[in-house]
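Secondary and tertiary structure notes
Chain by chain, the residues run as shown.
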Amino acid sequence: MRQPLIAGNWKMNGTRESIKALLDGIKAGIGDVKVAEVAVCPPFVYLADVQEQLSGTPIAWGAQNLSTELKGAFTGEVSAPMLNDFACKYVIVGHSERRTLFGEDDATVATKFAVARDNGLKPILCVGETLEEREQGVTEKVVARQIQAVIDKVGVAALADGVIAYEPVWAIGTGKTATPEQAQAVHAFIRGMIAEQDAGVAEALRIQYGGSMNAGNAAELLAQPDIDGGLIGGASLKADDFLTICRAAG
Ligand code: PGA
């Protein structure tokens, strides 16, 4: 039985004050979340605050990105050992905003996955097609390529140390969600392609859905057999909405 993971991707949002209020709200309601594992991914600069506020709670935390390098002259970068200094459990790699706005290609994302894992962090590997790619009918080809790049780098067994988030780019931040059937179809494809390489890994691997998941649509998405949680952007910034999604996972 795969435990669903609901992770909030706060992106570049929040202030010290708003984050404290958000975490107070989540902490107040987390007792009702019986099944899902819950995590939040704040901007780097708030990791220390988040660590302080979440230590001793069941809520995990992680970062939104990491460097391919471990240390040195890489201005503006943040390394895996630095994330370990703040007890991060997870780190998002290959989010579509990193791929499209910051030029991260499959090879870079695969290296980030490897570096995260080598340093004891659990990578949340984001994959997904653009609207154009969906319309061209190449969704499966695109997600297979994105995942295979990681498998080629680290081996299929290593996937088990992370999580995959299927996030159709056209659904991210747009209010347009994949239907449960559309999402389930891609999730089943992903599990199937991994099963061809290692059935045990495929069975155990958590595959989250991401892209405009909210308090209203979470339950039917999370009810799909191959959807094992969600990576939540906008709706993770409101404690009540986020908690509703967390409760919908079980
Ligand atoms: P969204 O973002 O929920 O705001 O669509 C999801 C994500 O980008 O991870």
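Let me begin by describing the structure that accompanies this report. (Residues numbered from 1 in each chain as written. Predicted model: local features only at pLDDT ≥ 70, side-chain atom pairs only at ≥ 80, totals over all residues. Heavy atoms only, no water.)

1. Here we look at the nonpolar core
Ranked by internal contacts, the top residues of the largest apolar core, which has 68 residues, are I190 and I194. I190 has contacts with V127, V143, I147, I164, Y166 and I207, leaving out every residue within four places of it along the chain. Counting residues in hydrophobic clusters, the runner-up holds 12 residues, among them A7, A60, C126 and V163. (Core = buried A, V, L, I, M, F, W, Y, C linked by side-chain atoms within 4.5 Å. Buried < 20%, exposed > 50% of the residue type's maximum accessible area, 1.4 Å probe, protein only. Contact = heavy atoms within 4.5 Å.)

2. As for the pattern of salt bridges
Summed over the entire model, instances satisfying the criterion amount to 18 salt bridges. Here R134 ties to E129 by a salt bridge, and the two come within 2.7 Å at their closest N and O atoms. Overall, the relative accessible area of 24% leaves R134 in the partly exposed class. When the shortest N-O distance is used, the salt bridge between D226 and R191 registers 2.5 Å. (Salt bridge = Lys/Arg side-chain N within 4 Å of Asp/Glu carboxyl O.)

3. Re the packing of aromatic side chains
Under the counting rule described, the total for this entry stands at one aromatic pair. The cationic tip of R98 hangs over the ring face of F102; the distance from NZ or CZ to the ring centre is 4.1 Å. (Phe/Tyr/Trp six-rings, centres within 6.5 Å; stacked < 30°, edge-to-face > 60°. Lys NZ or Arg CZ within 6 Å of the ring centre and 35° of its normal.)

4. Points about the site of the ligand
The environment of the ligand is formed by 13 residues, the closest being K11, H95, E167, G173 and S212. S212 has a polar backbone atom sitting 2.7 Å from an oxygen atom of the ligand. Within the backbone of G233, one N or O atom sits 2.8 Å away from an oxygen atom of the ligand. Across the complex, the protein chains shield 95% of the 280 Å² of accessible surface that the ligand would expose by itself. Residues belonging to the shell around the ligand are distributed by class as follows: four nonpolar, seven polar and two charged. (Near = heavy atom within 4 Å. Polar contact = N/O pair within 3.5 Å; in protein donor to acceptor, adjacent residues only side chain to side chain. Areas by Shrake-Rupley, 256 points an atom, 1.4 Å probe, with all protein chains shown as cover. Nonpolar A, V, L, I, M, F, W, Y, C, P; charged D, E, K, R; others polar.)

5. Quick notes on helix α8 (residues 180-195)
Owing to its 3.6 residues per turn, the α-helix aligns residues three or four sequence positions apart on the same side. Compared with the 22 Å implied by 1.5 Å per residue over 16 residues, the 22 Å span of α8 between its first and last C-alpha is a close match. Buried within α8 are the following residues: P180, A183, Q184, V186, H187, I190, R191, M193 and I194. (Helix = DSSP H or I, 4+ residues; strand = E, 2+ residues; numbered from the N terminus. Expected span 1.5 Å × (residues − 1).)

6. Looking at the pairing of strand β3 (residues 60-63)
Residues A60 and G62 line one face of β3 and the alternating positions W61 and A63 line the opposite face, and both faces are buried. The pairing of strand β2 (residues 37-41) with β3 spans two bridges and is parallel. Residue pairing across strands places A39 opposite A60, the latter belonging to β3. After leaving β2, the chain enters helix α2 (residues 47-54) and then returns to the sheet as β3, a path that is right-handed. Bridge count between β3 and strand β4 (residues 90-93): two bridges; the pairing is parallel. When the bridges of β4 are listed, A63 appears paired with V91. Between β3 and its parallel partner β4, the chain crosses via helix α3 (residues 80-85), and the hand of that crossover is right-handed. (Pairing = 2+ DSSP bridges. Right-handed = clockwise from strand over helix to strand, strands pointing away.)

7. Thoughts on the sheet that holds β4
The parallel closed barrel is built from eight strands, whose spatial order is β1-β2-β3-β4-β5-β6-β7-β8. Adjacent strand axes in the sheet meet at a mean angle of 25°, parallel and antiparallel pairs treated alike. Bridging between strand β7 (residues 207-210) and strand β8 (residues 229-232) involves two bridges; their strand directions are parallel. Paired with Y209 across the strands is G230, a residue of β8. Across the sheet, helix α11 (residues 239-248) lies against β1 (5-9), β2 and β8, angled at about 160° from β1, the strand it touches most. (Axes fitted to C-alpha atoms, helices over the stretch in contact; angles between N-to-C directions.)

8. A closer look at the pairing of strand β5 (residues 122-127)
The buried count for β5 comes to five of six residues, which makes it a mostly enclosed element. Bridging between β4 and β5 involves four bridges; their strand directions are parallel. Bridging from a neighbouring strand, V91 pairs with P123 of β5. When β5 meets strand β6 (residues 163-166), the two strands line up parallel, connected through four bridges. Residue pairing across strands places L125 opposite I164, the latter belonging to β6.

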